[in-house]
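These are the residues of each chain, in order.
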Amino acid sequence: MLKIIYTKTTHMKKITTLLLLFFCGILFAQDFNKRAERVKALRVAFISSKLDLTSQEAEKFWPIFNKFSDTQLDLHKQKRQLMLKLKPENTAGLSDAATLKLLNESENIDSELDNKKRLFIKELQGVIPPQKILMLKKIEEEFKSTLLKQFKNRRGGASTTKE
């Protein structure tokens, strides 16, 4: 009788632990999505304030920008997943042919990203002045730098960088 109670208790602990991990995963994913949306909103506000778009420019600019951003994000995700496969501990047992295939995939993703950037700039040329296109590159780098600094400050400034 005592063994049955012990087994049920152990079983319940395992189920409780699994459920807790499951719900923590869901909460983390929701929190991550909220943070991603917040960063996206901050990025839009930052670019809007710095680029000083007219209402006509903004109306045409943002759909093009958002489409490019989504494409860029997808390609970066593909690249990250591929880079995990290319870690030394993951490639040790691969044949030369399989390794070359992964390297070619990496190059293809890089080429596709470069092509998408060129297309994005061409699409913007009829929408905003060339000076603003050039400013956009600088503004995006400035946003990334600002965001990284804020992230480091929240983490306690673990690493310091000189500018």
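The rules behind these values
Along each chain, the written sequence defines residue order, and numbers are assigned to residues from 1. At least 70 in pLDDT is required for a residue's local features to be given in this predicted model, at least 80 for side-chain atom pairs to be given and counted, and no such filter applies to totals for whole chains, interfaces and linings, which use all residues. In computing side-chain values, all of the structure's heavy atoms are included and hydrogens and water are not. Secondary structure elements are defined from DSSP: runs of H or I of at least 4 residues count as helices, runs of E of at least 2 residues count as strands, and each element is numbered from the N terminus. Here the term buried applies to any residue with accessible area under 20% of the maximum for its type, exposed to any over 50%, and partly exposed to those in between, with areas from a 1.4 Å probe on protein chains only. In what follows, a contact means two residues having at least one pair of non-hydrogen atoms within 4.5 Å. A fitted line through C-alpha atoms represents every axis, and for helices the fit uses only the stretch in contact; the resulting angles, taken between N-to-C directions, go from 0 to 180 degrees. Orientation labels follow simple angle bins: below 35 degrees gives roughly parallel, above 145 gives roughly antiparallel, 65 to 115 gives roughly perpendicular, and whatever is left gives oblique. Crossings are assigned a handedness: left-handed for a near helix turned anticlockwise from the far helix by less than a right angle, right-handed for a clockwise turn. Three categories are distinguished: nonpolar for Ala, Val, Leu, Ile, Met, Phe, Trp, Tyr, Cys and Pro, charged for Asp, Glu, Lys and Arg, and polar for the others, with Gly belonging to the last. The term salt bridge refers to a pairing of a side-chain nitrogen on Lys or Arg with a carboxyl oxygen on Asp or Glu at a separation within 4 Å. For Phe, Tyr and Trp, rings pair up if their centres lie within 6.5 Å, where Trp contributes its six-membered ring, and each pair is then called stacked (planes under 30 degrees apart), edge-to-face (over 60) or tilted (otherwise). Working rule for helices: expected span equals 1.5 Å times residues minus one.

## Looking at the overall build of the protein
Secondary structure summary: the protein contains 5 helices and 0 strands in total. Listing each helix as α and each strand as β along the protein from the N terminus yields α-α-α-α-α. In the protein, which comprises 163 residues, the share counted as buried stands at 20%. In the protein, 67% of the contacts between residues at least 6 apart in sequence involve partners at least 24 apart.

## Quick notes on the packing of helix α4 (residues 96-125) against helix α5 (residues 130-154)
For any two helices packed against each other, one specifies the inter-axial angle together with the distance between the axes. Where α4 meets α5, the closest approach of the two axes is 9 Å, and the angle between their N-to-C directions is 140°. One way to sum up the angle between α4 and α5 is to call them oblique. For the element pair α4 and α5, the recorded crossing hand is right-handed. Packed against α4, whose contacting residues are Phe120, Ile121, Leu124 and Gln125, the element α5 presents Ile133, Leu136 and Lys137 at the interface. Tallied by class, residues from the contact of α4 with α5 come to 5 nonpolar, 1 polar and 1 charged.

## Considering the pattern of salt bridges
Under the counting rule described, the total for this entry stands at 7 salt bridges. Here the salt bridges do not stand alone but share partners, grouping Lys50, Lys138 and Glu142 into one network.

## Describing the packing of aromatic side chains
Counted under the stated rule, the structure contains 6 aromatic pairs. Centre to centre, the rings of Phe46 and Phe143 are 5.5 Å apart; their planes meet at 50°, and the pair counts as tilted. Of this pair, Phe46 sits in helix α1 (residues 2-51) while Phe143 sits in helix α5, and the two are 97 residues apart along the sequence. Relative to Phe120, the ring of Phe68 lies with its centre 4.3 Å away and its plane at 10°, an arrangement referred to as stacked. You can see Phe68 sitting in helix α2 (residues 55-85) and its partner Phe120 sitting in helix α4, a full 52 residues away along the chain. A relative accessible area of 7% means that Phe120 is categorised as buried. Pairwise contacts between aromatic rings join Phe61, Trp62, Phe65, Phe68 and Phe120 into one cluster.

## Some thoughts on the environment of Trp62
Within the element layout of this structure, Trp62 appears in helix α2. A C-alpha to C-alpha distance of 9.7 Å links Trp62 and Ser48, two positions 14 residues apart in sequence. Apart from residues no more than four positions distant in its own chain, Trp62 is found in contact with Val44, Ile47, Ser48 and Leu53.

## Remarks on the packing of α2 against α4
Look at α2 against α4: their axes get within 10 Å of each other, and the N-to-C directions meet at 170°. Judged by the inter-axis angle, α2 sits roughly antiparallel to α4. Class assignment of the residues belonging to the contact of α2 with α4 gives a composition of 12 nonpolar, 5 polar and 8 charged.

## Some thoughts on α5
For α5, spanning 25 residues, the distance from its first C-alpha to its last is 36 Å, which sits close to the expected 36 Å at 1.5 Å a residue. Within α5 the residues assigned to the buried category are Lys132, Ile133, Leu136, Ile139, Glu140, Phe143 and Lys152. With its phi angle positive at about 95°, Gly156 sits one or two positions after the end of α5.

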